[in-house]
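# Tertiary structure, described
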There are 2 protein chains.
Amino acid sequence: MRQALRLNKFVNAILLATLLFSYSAVSTADGPLPSWQNTPTKQAIIAFVEDITDPKSPNFVPVPERIATFDNDGTLWAEQPMYAQLFFAIDRLKALAPKHPEWKQKEPFKSILNGDLKGATTAEGKKALIELVMATHAGMTSEDFSNIVKEWIATAKHPTTGRPFTKMVYQPMLELLTYLRANGFKTFIVSGGGIAFMRPWTEQVYGIPPEQVVGSSVKTQYKVMNGQPVIVREAGINFIDDKAGKPIGINQHIGRQPIAAFGNSDGDLEMLQWTTSGKGKRFGLLVHHTDAKREWAYDRKSTFGHLDKALDMATKQGWTVVDMKSDWKTIYPDF
Amino acid sequence: MRQALRLNKFVNAILLATLLFSYSAVSTADGPLPSWQNTPTKQAIIAFVEDITDPKSPNFVPVPERIATFDNDGTLWAEQPMYAQLFFAIDRLKALAPKHPEWKQKEPFKSILNGDLKGATTAEGKKALIELVMATHAGMTSEDFSNIVKEWIATAKHPTTGRPFTKMVYQPMLELLTYLRANGFKTFIVSGGGIAFMRPWTEQVYGIPPEQVVGSSVKTQYKVMNGQPVIVREAGINFIDDKAGKPIGINQHIGRQPIAAFGNSDGDLEMLQWTTSGKGKRFGLLVHHTDAKREWAYDRKSTFGHLDKALDMATKQGWTVVDMKSDWKTIYPDF
């Protein structure tokens, strides 16, 4: 009996070892980041990771400090012709409109419901956007909102590509997330988008769990309704996780300075600035949208994903800039 | 060469297997939670964990959803005769006093500097406490504050036991944290204490990294000072992570409902209520301080760790109550 048990343990050990070694062999054969062209951009990423994970390197970083933060819109998934969350908000507005006849006369709702988004946003700018978000993102429990998001993300399609929004993510960035995690990194999203809009699907799509998502938020209240404790979402801004708000959000949620940060717009400037100013080796990267054919080409003049100051700073600060057209073999994952 | 490599892999596999099996053997021989008496309290904890980790159980919970939240003061470490953070604040006030001659005439600073804490806190109550915290916890960068905390926690001693504060933690609770993590739980601190006061040492003391600490906070600003980006701590409250603030803080930081929550006072009532009201099997536990000899005995009349309503609710809600005197073999870890 004892002999049998030992033999069994032995066989298990061999099986385990086989699994471990075969996995490592496969990943070495293909190399990391297969959808990235073998350009200086990919080389810079790999050189950084190999350096900070090498115990013999003076730049070695212990695993718990391997924090990487990623912007979402325009960095992990497409943000044109406008943010996915805006499509969501408009779909919600339309769904809720029958219960709000007053919206037919009231801006910005009137224009949006008439399909005139430009009229709605240019007329009152950011105020209109906030009104739209408050009308569609508040006045319900956090659980109800999460379910609404899950249903929308499972069915909504991008207006120009016809792809589900979850297939508008960038394949090279998915590989980058996986590569970093395989090298001991903890990957976080730090986005100007709504934290509660992202959390219901980031784990499935990016492998990033809700507790590693930082974003903008509305005020919330804890209430016991009909004996059931709930978190109620209220029509007021709690936190805007954009520009200087990004380092603040990172400090609040993560409590340590990342060693690598990934963005694509001026909204990410402070996050990259703060990350790369830390002691030791750091990495900052901007995704530059240069591919009008396979995706979109935009930067200094774009409303969504405005990239101007951060692009000028990149050279001086030593940030890596992805030229989407020449650095990425593919843009979106296969269906 | 190839043969040698294979042999080497084989030896590695055996070594790995030996390590794995011997670890598992040791932990089985001793059993989990060695500092807990074998009472219904310990049995309730183990029964819950074994149930929700059993893939065949109807109550099985997948690993990513195994979120456990712990209050800190009075739950993971001692909070008598007052919160450790208050000792810290007073030490800071004394250290800063030479630069603030006006404090000699100004309450609550005058009383505190004269060693009359009761005068200071009863006179103006919470307002005095907030003034004390703002005077000592703000007006510096987050990095400087972190260094001040690290230095204090490495040297300060508890006034009645003479132990370092980091040895005023509860050995049974350290074992509980380890036991839960070994069973796939992610453990979080959710404390009314300052998030920035806890983060510099929770990883070393509890194995809980900064990004898994939720707490109260002051307002912060991102600034570039002399070319160096910093987070500056300001004299204003950003968030109070106590009572109904605990579910709010959990929702904000973690984004999912815990399946187990551990507290010791009415400040934890809403956290336990929210946690245990969730779908599926849940676990709520209160540490009841009943051991005047080895620790302190207090509940309904205590200023720090006031436990009254939550104790009344425990039976009705099915929360487990630790009787510290009879459930714990030891209180503090050996030096």
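The structure presented is a predicted model; accordingly, all values stated were derived computationally and were not measured.

In screw terms, the move from chain B to chain A is a rotation of 180° and a rise of 0.0 Å along the axis, fitting with an RMSD of 0.0 Å. The symmetry that links the two subunits is that of a two-fold axis. No C-alpha of chain B approaches the rotation axis more nearly than that of His253(B), which lies at 3.1 Å. Interface overlap between copies is the fraction of interface residues in one copy that are interface residues in the other; for chain B against chain A it reaches 100%, indicating a shared surface.

Within the secondary structure, Thr276(B) sits in helix α11 (residues 269-276). Side-chain polar atoms of Thr276(B) contact the backbone oxygen of Leu272(B), separated by 2.7 Å.

This paragraph deals with the pattern of salt bridges. One pass over the full model with this rule turns up 22 salt bridges over all chains. Across the pair Lys246(B) and Asp71(B) runs a salt bridge, and its minimum N-O distance is 2.9 Å. Taken as a pair, Lys246(B) in helix α10 (residues 245-253) and Asp71(B) in the loop between β1 (67-70) and α3 (84-96) lie far apart in primary sequence, 175 residues in all. Across the pair, Asp71(B) and Lys246(B) agree in class, each one buried. The network of salt bridges with common partners includes Lys186(A), Arg256(A), Glu203(B) and Glu211(B).

Residue and element names in this part refer to chain A. At a closest axis distance of 10 Å, the pairing of helix α11 (residues 269-276) and helix α12 (residues 309-317) adopts a crossing angle of 15°. The orientation of α11 relative to α12 falls into the category roughly parallel. Here the hand of the crossing between α11 and α12 comes out left-handed. Residues Leu269, Gln273 and Thr276 of α11 form the contact with α12, whose participating residues are Lys309, Ala310, Met313 and Gln317. For the contact of α11 with α12, the class distribution of residues is three nonpolar, three polar and one charged.

Together, Ile130(A), Ile237(A) and Ile240(A) give the surface a local cluster of nonpolar side chains, amounting to about 230 Å² of exposed area. Residue placement: Ile237(A) occurs in strand β5 (residues 228-239).

Further remarks concern the packing of aromatic side chains. Two descriptors summarise a pair of aromatic rings, namely the distance from one centre to the other and the angle between the planes of the rings. All told, the structure shown has 38 aromatic pairs over all chains when counted by the stated rule. Between the aromatic rings of Tyr170(B) and Tyr332(B), the centroid separation amounts to 6.3 Å while the plane-to-plane angle is 20°, which identifies the pairing as stacked. In this pair, Tyr170(B) sits in the loop between α7 (142-155) and α8 (171-182) while Tyr332(B) sits in the segment after α13 (324-327), placing the two residues 162 residues apart along the sequence. Look at Phe262(B) and Phe283(B): their rings are 6.0 Å apart centre to centre, the planes differ by 45°, and that puts the pair in the tilted class. Of this pair, Phe262(B) sits in strand β6 (residues 260-263) while Phe283(B) sits in strand β7 (residues 283-290), placing them 21 residues apart in sequence. Since its relative accessible area comes to 1%, Phe262(B) is described here as buried. Three or more aromatic residues joined by ring pairs make a cluster, and in this case those are Trp77(A), Phe87(A), Phe88(A), Phe145(A), Trp152(A), Phe165(A), Phe197(A), Trp201(A) and Tyr206(A). A cation over a ring is seen here: Arg233(A) above Phe145(A), with NZ or CZ 4.0 Å from the ring centre.

In this structure, Pro108(A) follows Glu107(A) across a cis peptide bond, with omega equal to 0°. Locating Pro108(A) in the fold gives a position in the loop between α3 (84-96) and α4 (109-113). Cis geometry is found at the peptide bond from Gln80(B) to Pro81(B), where omega equals 0°. Along the chain, Pro81(B) turns up in the loop between β1 and α3. With phi around 55°, Leu33(A) is a residue other than glycine that occupies positive phi space. You can see Leu33(A) is positioned in the loop between α1 (2-30) and α2 (40-52). On the basis of relative accessibility, which here comes to 2%, the residue Leu33(A) falls in the buried class.

All names here are of chain B. Most of helix α9 (residues 195-206) sits out of view: nine of its twelve residues are buried. Taken residue by residue, α9 has Ile195, Phe197, Met198, Arg199, Pro200, Trp201, Thr202, Val205 and Tyr206 as its buried positions. Positive backbone phi, at 75°, marks Gly207, one or two positions downstream of α9.

Before going further, it helps to spend a moment on the interface of chain B and chain A. Of the residues lining the interface, 45 residues belong to chain B; the matching set on chain A comes to 45 residues. For the pair chain B and chain A, the two sides together bury roughly 3600 Å², of which 55% comes from carbon and sulfur. Here chain B and chain A share eight salt bridges between them. For the pair chain B and chain A, the interface holds 23 residue pairs in polar contact (both at pLDDT 80 or more). If you list the elements that add at least two residues to the side of chain B that touches chain A, you get α1 (2-30), α7, β3 (186-194), α9, β4 (213-225), β5 (228-239), α10 and α11 of chain B. No other element matches the nine residues that α1(B) contributes to the side of chain B that touches chain A.

The rules behind each value
Residues numbered from 1 in each chain as written. Chains lettered and ligands numbered in written order. Predicted model: local features only at pLDDT ≥ 70, side-chain atom pairs only at ≥ 80, totals over all residues. Heavy atoms only, no water. Least-squares fit on C-alpha atoms with pLDDT ≥ 70 in both. Contact = heavy atoms within 4.5 Å. Helix = DSSP H or I, 4+ residues; strand = E, 2+ residues; numbered from the N terminus. Polar contact = N/O pair within 3.5 Å; in protein donor to acceptor, adjacent residues only side chain to side chain. Salt bridge = Lys/Arg side-chain N within 4 Å of Asp/Glu carboxyl O. Buried < 20%, exposed > 50% of the residue type's maximum accessible area, 1.4 Å probe, protein only. Axes fitted to C-alpha atoms, helices over the stretch in contact; angles between N-to-C directions. Parallel < 35°, antiparallel > 145°, perpendicular 65-115°, else oblique. Left-handed = near helix turned anticlockwise from the far one by under 90°. Nonpolar A, V, L, I, M, F, W, Y, C, P; charged D, E, K, R; others polar. Patch = residues over 30% accessible without salt bridge, like charges linked within 9 Å, V, L, I, M, F, W, Y side chains within 5 Å. Areas by Shrake-Rupley, 256 points an atom, 1.4 Å probe, with all protein chains shown as cover. Phe/Tyr/Trp six-rings, centres within 6.5 Å; stacked < 30°, edge-to-face > 60°. Lys NZ or Arg CZ within 6 Å of the ring centre and 35° of its normal. Buried area = accessible area lost by both parts, 1.4 Å probe.

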